[in-house]
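# Secondary and tertiary structure notes
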Number of protein chains: 6
Amino acid sequence: MAQFDLSRAELEAYRPELDEPADFDEFWTGTIAEARRHGGGPELVRVDTGLTAVVVDDVTFPGFGGHPVKGWLVRPAHAEGPLPAVVEFLGYGGGRGLPHERLALAAAGYAHLVMDTRGQGTGWGSGGDTPDPVGSGPALPGVMTRGVLDPADHYYRRVFTDGVRAVDAVRQVDGIDPARVAVAGISQGGGITLAVAGLVPDVAAALPDVPFLCHYRRAVEISDAMPYGEITKYLSVHREHEDAVWRTFSYLDGVSFARRARAAGLFSTALMDTVCPPSTVYAAFNSWGLHTGADGPAEKRIDVYPYNGHEGGEAYRFAPALAWLAKHV
Amino acid sequence: MAQFDLSRAELEAYRPELDEPADFDEFWTGTIAEARRHGGGPELVRVDTGLTAVVVDDVTFPGFGGHPVKGWLVRPAHAEGPLPAVVEFLGYGGGRGLPHERLALAAAGYAHLVMDTRGQGTGWGSGGDTPDPVGSGPALPGVMTRGVLDPADHYYRRVFTDGVRAVDAVRQVDGIDPARVAVAGISQGGGITLAVAGLVPDVAAALPDVPFLCHYRRAVEISDAMPYGEITKYLSVHREHEDAVWRTFSYLDGVSFARRARAAGLFSTALMDTVCPPSTVYAAFNSWGLHTGADGPAEKRIDVYPYNGHEGGEAYRFAPALAWLAKHV
Amino acid sequence: MAQFDLSRAELEAYRPELDEPADFDEFWTGTIAEARRHGGGPELVRVDTGLTAVVVDDVTFPGFGGHPVKGWLVRPAHAEGPLPAVVEFLGYGGGRGLPHERLALAAAGYAHLVMDTRGQGTGWGSGGDTPDPVGSGPALPGVMTRGVLDPADHYYRRVFTDGVRAVDAVRQVDGIDPARVAVAGISQGGGITLAVAGLVPDVAAALPDVPFLCHYRRAVEISDAMPYGEITKYLSVHREHEDAVWRTFSYLDGVSFARRARAAGLFSTALMDTVCPPSTVYAAFNSWGLHTGADGPAEKRIDVYPYNGHEGGEAYRFAPALAWLAKHV
Amino acid sequence: MAQFDLSRAELEAYRPELDEPADFDEFWTGTIAEARRHGGGPELVRVDTGLTAVVVDDVTFPGFGGHPVKGWLVRPAHAEGPLPAVVEFLGYGGGRGLPHERLALAAAGYAHLVMDTRGQGTGWGSGGDTPDPVGSGPALPGVMTRGVLDPADHYYRRVFTDGVRAVDAVRQVDGIDPARVAVAGISQGGGITLAVAGLVPDVAAALPDVPFLCHYRRAVEISDAMPYGEITKYLSVHREHEDAVWRTFSYLDGVSFARRARAAGLFSTALMDTVCPPSTVYAAFNSWGLHTGADGPAEKRIDVYPYNGHEGGEAYRFAPALAWLAKHV
Amino acid sequence: MAQFDLSRAELEAYRPELDEPADFDEFWTGTIAEARRHGGGPELVRVDTGLTAVVVDDVTFPGFGGHPVKGWLVRPAHAEGPLPAVVEFLGYGGGRGLPHERLALAAAGYAHLVMDTRGQGTGWGSGGDTPDPVGSGPALPGVMTRGVLDPADHYYRRVFTDGVRAVDAVRQVDGIDPARVAVAGISQGGGITLAVAGLVPDVAAALPDVPFLCHYRRAVEISDAMPYGEITKYLSVHREHEDAVWRTFSYLDGVSFARRARAAGLFSTALMDTVCPPSTVYAAFNSWGLHTGADGPAEKRIDVYPYNGHEGGEAYRFAPALAWLAKHV
Amino acid sequence: MAQFDLSRAELEAYRPELDEPADFDEFWTGTIAEARRHGGGPELVRVDTGLTAVVVDDVTFPGFGGHPVKGWLVRPAHAEGPLPAVVEFLGYGGGRGLPHERLALAAAGYAHLVMDTRGQGTGWGSGGDTPDPVGSGPALPGVMTRGVLDPADHYYRRVFTDGVRAVDAVRQVDGIDPARVAVAGISQGGGITLAVAGLVPDVAAALPDVPFLCHYRRAVEISDAMPYGEITKYLSVHREHEDAVWRTFSYLDGVSFARRARAAGLFSTALMDTVCPPSTVYAAFNSWGLHTGADGPAEKRIDVYPYNGHEGGEAYRFAPALAWLAKHV
């Protein structure tokens, strides 16, 4: 939709005031601690895919509530020594698919864990395998408004926790170097990347591409696109719940997570992206690492695609990502 | 979309073979018995709406799993004696809304219970208030594919049971004549009407308008429209689950419920309705009461709107419905 | 379409200069006087609707040119004493429909007159019954450009006059208190409400929801949506008639009527409403009662729905409307 | 929309039974006679267009009810002797436009009268100038349902009569040979061509291209496209008027007019035309001249465009039309 | 799309800085010289069209690379003396069509050469007849990105050269006054008009209507509409070619050509035109003739259509065009 | 679009009569021979991609006219001995992209040559690098109508020849077993697969998924979807070229190529695929190998996706493809 958002110069200076709740850290510290109390670690089952250059494990690890979460762990067949790892989160509606669909990181020498997204995995591609055993109040189709009246109930509290536990899990796998773990993802996967980078500040790198789940309120004010639009739709019906809804999202905002991150952050955004408008991405990027105190802000960079929509850089992201991983992980 | 389905004559003769599972009745007898074992009855709280011609109660009754289900009970303020009642089920995505929105039945002398639909109530109108506390496996946005791999898990197993329990509940309310209860609804509400009429054969009348949730397989073969299209979308991703999906829906098919119904049935359909194609409605109508044995088939009628889409007869349905209720309830 | 119009603060201060014609009052005084010279009053025919809590009359009253205009008068069956009344005008394309469709006001104790809109009543719902016996020059489908080259010929001159005559009519009905009459309506009905409130300043209250027919020129400059878009389409063909068209609408502008109003005004608007953009509504609201001189500005309030489009508050409007009527009528 | 209608072979054999009213001829004989009773003839005012190869007159002639109808008469500047003439009717929503827009027939030696369509002339192009001074009952935007409950009131009764009177008018113009008059038009213009050819059987040729206004009922059953779709929309609201509506159109059906035609008929149709589906055109074509008795059926031909939609043959029609006119006029 | 671009006052002052390459004139001087070296002149073949008021020749003249380019030359049959001429260029995707489609200029006394556009002529209307014998690198459907990596290879280098050679050709035709030649066109035709007016400054008048091919970069930044959108699409894939693409278009920009023009320029633009946004047209208009030195700026005017989209003035342009031609040619 | 084509049983029996030209084999024998006369072989340049499990070469080989055609050759880094190879052709509008995008076949032990498609590579994804140096007559955007009036000029004559030469090229690469070569592709890539399998009958296997470029005429008769729809659009303008167009495509029809194939053929189709309708795919499948004479028909299988559109089986195709390759190559 043309270049509908702020100008490039405005974007670079954009740092909005958000209503971050005072107990934000408390909320998340408690959430993660509770999830970890369920214990358990990854279970790996070797899969015969017909591929000879990589080995694939079907992984199950405990997520929020100890619920089993699925993933694929793909590793090079001919590599030695403890491997660096990339934990990847997925876009909205998709699932982990089939293991041969994402081979490039393993082919480049990384252990690659693709985390399934609970209760999704049906909208496109090859599907997912992870249930979300938690019900919800009245909600719109889609996950944005599941449990939207209380941050404790919201769907993304569970998913972000799954993401943290995925990092925990990969660090426990034999042959993976727990100090050399990066997180990455596109769109919703980028939003989960922000959350995990904020909640597990010692990951080595974070690579959010066109991240979703940032600065929700501006998103719905300037764009109708889904899935942010699910919030609009919910509020258009439940006109009485506006305050509760924005309070809930204040615990889930990628901008707040970004402030707490310490990893080297490689962002991307696209100026014609109405799904994840560039100003919402810059709001996170411009806050990256600001909260981390004495050791100075984290290294960061944002690559801008002026003529793309939400597809952003697509396969063009691979080379800069490999270079970033090589330098920081 | 013009008159895209079978011709009028073909519709009137259309009685497809469906794969009804052998344990259909067993499945549902067990399901309803289990729900009733949770016990409990309706709780009524009088609401001040500013309306003087009717009285309104905010009703909570136990549904599937004993989960609390909400409803509005609207009754004429100036009526006497035990009242006949109509239990109404709602269209896809909507909720019970606000009590002043549906006054005509009470203004005509009926006790009118509007049952909220669990976990919906966010897509349009004034919203709903009933959570669905049960999670699900990977599912598409919307409810059609929640728990779609096993009839025991499917969302509509819970909703149909809620509907049966709504009839149970209204029959326990003081001042309502338990022998004079009808069920009614439009679209999804019509589909629930079919299910409840099949599961509670002693309701006096059933009024399904442009009913949804019948003959699922034909629906997706001849139309792309949502919400049947959610099934298509699910199967387009989970290509391996085709058999499981159709098996699940064979326990939820309005045609099977229609065969078991004994109430006087007043249907409507529209020949340009791509959402609930007329052949799927006729499949249920043509089977209405066939399964009920010695006392002969139930009385039934179908009103056809040749130039309407899914909106069908809308407010034009009120007069024939009143007449049907007057005769049969 | 997201929040596309002015910001909330700008809206609250928005008071555009409009070219109100010098003979605006003369034009309308003459128009109304001429209509009243045709004389006649409402004729009521009792209708059997099957409803027992209300009584319904099929009303015919003389409108513009003395032409017969239809309406439903719905009153509580069990009320006593002279009743307060609400005259309601309808949205674009619709008709008075069937009498059971609008029962809430009568159920709350008001006499409720629903005025049919001449020549419309075919676009949605249950239809209307009032012809418009006046032809027109070349016009676009729809009514916005019927007679658009001269205010004396314009369709809305007739409709606004019908609205004034509807108030005249309801005041003549036995059992209705002529001092306690309010006017109300949604969208086009809200626009007619503004006009009647300006032309009959002694109505007690006016409740325009998301009103249409205000500040036409800005509407077409910032939005393509119909029906304002009919004006754009007309001018895109009849490029030579721009001045004549804007002159005509200067006699029909809700902002001018609002300035002349004295009733207590309860407005609503929605920030994502492209059909009746919020700045056009605020232009009327901010002018409400400014023209009324010595007795100070009228009481007024505007309720804003930030996440709704043209549907605005829908059923959520009922409670505040009842409260407003209780206080002012 | 691909080739959605009958196959080519089926089209060539398609001759549906239509319910032609017994008093069809009486209805039209009376209508035309009444119009002619208003008397009057064409008034011509020479227009300075800057064109030197043609002369242009602004024509006003009495139509239905004696109402003034406008047209352009364009004639070659350098021709001699009584000229053959073509009366052209226009497509839906358009007007006679500007005189330089249609020069080819005059440049080929014909007097060319372009008849404005009353009350239209605003939907596209350069507009029209003819009012329709007759009002109507509740109607949909557009003209299809104006007066739709009675053939005497229907809009097209007036327009078809205007068309007959246009032929009357051109025959009275000095320098035009009244025996050498053809009628022609595209879409709505083709429908009017059919009507005039049936009502004035002594025109020498008729050239309906992709004609509208034939076999209305089939059109709405197989296509949603406008403007036939206006009928669907009307009936979707006014569900009670189905019989009256079809009765009205039975007096206005191009198939009935085609049966009465005696002129040499050159039709065209397009197999992907959803606006005027080919089966409705063939229904008229296959009936052309059947009713004309002793002198055998009229000469006719239909040109078929298999890969076009409603645009049909466009400029490719000119050469065959010139040849047809040269042979028959 | 409403009035989406700059305000009227901003438009009138809009004169953006563009990166005109230093060798712009050298590039074009060389290009035109090379084309002229191929020599040759127009070949005319008289066509029998059935038209008697005009004579039509099928013209072939040498364009870029000496490639044969087709056109229709239409002249009044009854005119005398050397005629003034108008060379018209066509809109995107169209072809010269059939000769009877454009008669008004000849009917007004002008020789009218319609230049076919190489390789187009297939998108609408009656088609074209001129191949483009030059291949291209990877390109999007459409012509905007054919050869987009080097101005020497770009499609429009060839087309603009064809346009210059069309003027050369018409000046060689017997009976045409070479000093009285104007250039004109709509949309793409308007863009070619700008180019030819800049490259052949001694044409007497230029009439670009809603011209395309100006200020490309702003066009893609503020609008998604095609065909400018082809550039966006190309860059969204070939993210690495941004600089090369903008460099190429800097040799093809109508704003640069406009600066070099000396003819009397009659522009038009429409404020709702998203295809050729008004600011891109004003950028050319405001620069018209600025580069021409001592003899002062050329005469110019722009007609603005506030309520039109890309159709602009359509047939309303004929009268002002005739007047402009009469005064300046 | 639901299941719009023939029923499953009809599809399995569908074998339409096509007008195959008598000189079909002569045309192609000559074409391929001429291409081979240009000589030359693949040039490989090793590329540093950061991938360690595979080696990647940037390949250039001579295609039609000896024009250089690009491709990626991806091979396992740790494999030994002569490798079997798969030559893959791409979908419409795409290019070879970046080498890390298609790793699965190499990771499974195959040499994988991805052939760029000349002149495309700009519509989606990461682009392509191969020009098409041949121009064309008037054509629609897209490649379907480039050179459509003569099979010798048609774009796909060049591309199919490129495909044959790609097989020639891969067979010349050291370390690849020339007897163990398969061809594969999706959509357009599937169409090219059919052509190459017909023209190089000694390839070991062919895997066309949802193939395009088969039974063109039926495709445009039953579907509007692009890119077949480019043919419709062309014929809707160039109404005079119908015969020439169908003659041209008779030399390019995948059904004719399928008859000549001898490789083991693994097809797929989807019943809701409007882009490549299932009947056009079955027409090729049902003809597969029929022309091959004494050694009996080739082995073949078709996998059907009843609930998918043109995306077909997507990643679900990998496992059956690997199994087919293992058995036949």
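Fair warning: this is a prediction, and the values are worked out from it, not measured in the lab.

### Side note on the interface of chain A and chain C
Taken residue by residue, the interface counts 15 residues in chain A and 13 residues in chain C. For the pair chain A and chain C, the two sides together bury roughly 1000 Å², of which 50% comes from carbon and sulfur. When the buried area of chain A at its contact with chain C is split by residue, Glu 221, Asp 224 and Arg 239 of chain A rank highest and sum to 54% of it. Applying the counting criterion to the chain A and chain C interface returns one salt bridge.

### Some thoughts on empty space enclosed by the protein
This structure, assessed with the given rule, holds 11 cavities of 30 Å³ or more. Val 134, Gly 135 and Arg 146 of chain C together with Val 134 and Arg 146 of chain D are the residues nearest the centre of the largest cavity, which is lined by 15 residues in total. Of all elements in the fold, only strand 6 (132-136) of chain C together with strand 6 (132-136) of chain D reach the threshold of two or more residues within the lining of the largest cavity. If you trace the second largest cavity, you find 16 residues lining it, with Val 134 and Arg 146 of chain A together with Val 134, Gly 135 and Arg 146 of chain B closest to the centre. Of all elements in the fold, only strand 6 (132-136) of chain A together with strand 6 (132-136) of chain B reach the threshold of two or more residues within the lining of the second largest cavity. Per-class residue counts for the lining of the second largest cavity are four nonpolar, eight polar and four charged.

### What to know about the relation of the copies chain A and chain C
With an RMSD of 0.0 Å, the operation that places chain A on chain C is a rotation of 120° combined with a shift of 0.0 Å along the axis. Those values place the two copies in the arrangement expected of a three-fold rotation axis. Taking the C-alpha atom as reference, chain A places Phe 4 of chain A closest to the rotation axis, 6.7 Å from it.

### Let's talk about the environment of Val 74 of chain C
Residue and element names in this part refer to chain C. The topology assignment puts Val 74 in strand 3 (residues 68-76). For the pair Val 74 and Ala 106, spaced 32 residues apart in sequence, the C-alpha to C-alpha distance is 6.0 Å. Excluding its chain neighbours within four sequence positions, the residues that come into contact with Val 74 are Val 54, Val 55, Val 56, Pro 99, Arg 102, Leu 103, Ala 106, Tyr 110, Ala 111 and His 112.

### A closer look at the interface of chain A and chain B
Taken together, the contact between chain A and chain B spans 30 residues of the former and 30 residues of the latter. Between chain A and chain B, the buried area comes to about 1900 Å², and carbon and sulfur atoms account for 53% of it. Area buried by chain A at its contact with chain B is led by Thr 122, Pro 138 and Val 237 of chain A, which between them contribute 29% of it. Between the two partners, chain A and chain B, sit zero salt bridges.

### Considerations on the relation of the copies chain A and chain B
Superposition of chain A onto chain B requires a rotation of 180° combined with a translation of 0.0 Å along the rotation axis, giving an RMSD of 0.0 Å. Here the transformation between the copies is reduced to the relation of a two-fold axis. Taken as a fraction of all interface residues of chain A, those also at the interface in chain B reach 100%, which identifies the copy contact as same-surface.

### A look at the sheet that holds strand 1 (residues 43-47) of chain C
Each strand in a sheet pairs with another by means of backbone hydrogen bonds, the pair being arranged parallel or else antiparallel. All names here are of chain C. Read from one edge to the other, the open sheet built from nine strands follows the order 1-2-3-5-4-7-8-9-10, with strand pairing classed as mixed. The open sheet has two edge strands, strand 1 and strand 10 (300-305), and neither has a second partner. Looking at each pair of strands side by side, their axes are set apart by 20° on average, direction ignored. The pairing of strand 3 with strand 5 (residues 111-115) spans four bridges and is classified as antiparallel. Bridge assignment links Leu 73 to a residue of strand 5, and that residue is Leu 113. Sitting on the sheet, helix 5 (residues 188-199) is in contact with strand 4 (83-89), strand 7 (176-186), strand 8 (205-209) and strand 9 (264-270), with an inclination near 140° to strand 7.

### Notes on the state of the cysteines
Residue and element names in this part refer to chain C. What the rule picks out here adds up to zero disulfides over all chains. The cysteine Cys 214 is free of any disulfide, with Cys 276 supplying the nearest cysteine sulfur at 7.7 Å. Cys 214 sits in the buried class, given a relative accessible area of 0%.

Calculation rules
Residues numbered from 1 in each chain as written. Chains lettered and ligands numbered in written order. Predicted model: local features only at pLDDT ≥ 70, side-chain atom pairs only at ≥ 80, totals over all residues. Heavy atoms only, no water. Contact = heavy atoms within 4.5 Å. Buried area = accessible area lost by both parts, 1.4 Å probe. Salt bridge = Lys/Arg side-chain N within 4 Å of Asp/Glu carboxyl O. 1 Å grid on protein atoms, 1.4 Å probe; cavity = no way out; pocket = protein on both sides within 12 Å on 5 of 7 lines; lining within 4 Å. Points joined across faces, edges and corners; volume = space filled by probe spheres on them. Helix = DSSP H or I, 4+ residues; strand = E, 2+ residues; numbered from the N terminus. Nonpolar A, V, L, I, M, F, W, Y, C, P; charged D, E, K, R; others polar. Least-squares fit on C-alpha atoms with pLDDT ≥ 70 in both. Pairing = 2+ DSSP bridges. Axes fitted to C-alpha atoms, helices over the stretch in contact; angles between N-to-C directions. Disulfide = S-S within 2.5 Å. Buried < 20%, exposed > 50% of the residue type's maximum accessible area, 1.4 Å probe, protein only.

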